[in-house]
Amino acid sequence: MSSEETKGASNVAPLRKTVPCPECKRPSHREHYPFCSDRCRNVDLNRWLKGSYAIPVADDESKANDDE
Ligand SMILES: [Zn+2]
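Being a predicted model, the structure only gives us computed values, none of them experimental.

What to know about the overall build of the chain
Scanning the chain from terminus to terminus reveals three helices and zero strands. Moving toward the C terminus, one meets the helices and strands of the chain in the order α-α-α. Looking at the chain residue by residue over its 68 residues, the buried ones come to 6%. Partitioning the contacts of the chain with sequence separation of at least 6, the portion at a separation of at least 24 is 0%.

A closer look at unusual backbone geometry
Of note, the amide linkage connecting Y33 to P34 takes the cis form, showing an omega dihedral of 0°. Counting through the fold element by element, P34 comes out in the loop between α1 (3–7) and α2 (38–53). Located in the positive-phi region is K25, a residue other than glycine, with phi close to 70°. Its location among the elements puts K25 in the loop between α1 and α2. Look at K25 and you get exposed, because 10 C-beta atoms sit within 10 Å.

Topic: the environment of R30
Assignment of secondary structure puts R30 in the loop between α1 and α2. Residue classification places R30 among the exposed residues on the basis of 12 C-beta atoms within 10 Å. Put simply, R30 and T18 are twelve residues apart on the chain and 7.4 Å apart in space, counted from C-alpha to C-alpha.

Regarding the environment of S28
Position of S28 among the secondary structure elements: in the loop between α1 and α2. Each C-alpha atom, one on S28 and one on T18, is 5.2 Å from the other, the two residues being ten residues apart in sequence.

Remarks on the confidence of the model for the chain
Across the chain, the average pLDDT comes to 77, with 53% of residues at 70 or higher. Within the chain, α1 has the poorest average pLDDT of any element, 55, and α2 the best, 89.

Rules and cut-offs
- Counting of residues starts from 1 at the beginning of each chain's written sequence and follows it residue by residue.
- Two thresholds apply to this predicted model, a pLDDT of at least 70 for residue-level local features and 80 or more for giving and counting side-chain atom pairs, whereas whole-chain, interface and lining totals are computed over all residues.
- Elements are defined by DSSP. Helices are runs of H or I of four residues or more, strands are runs of E of two residues or more, and each kind is numbered from the N terminus.
- Each residue is classed by its C-beta neighbour count within 10 Å, where at least 20 other C-beta atoms makes it buried, 12 or fewer makes it exposed, and intermediate counts make it partly exposed; the C-beta atoms are placed from backbone geometry.
- Contact criterion: two residues are in contact if their C-beta atoms, reconstructed from the backbone, are within 7 Å.
- What pLDDT conveys is the predictor's confidence in a given residue, as a value from 0 to 100.

Here it is, written out as structure tokens:
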């Protein structure tokens, strides 16, 4: 607990506490919170989209063909 650090605000104004970027663990950027950059945000978004598409749902074709 050092009150001296809060006094000397020589750094960038801490508007929001930074968190480690979910992608690369770098400090997050407030413009891309909680990611460090727009790139990392897209990476995460793409993985999320792919993940939802990867769920096997289409099982109709194999069944429709099973008619011997
Ligand atoms: Zn990142």
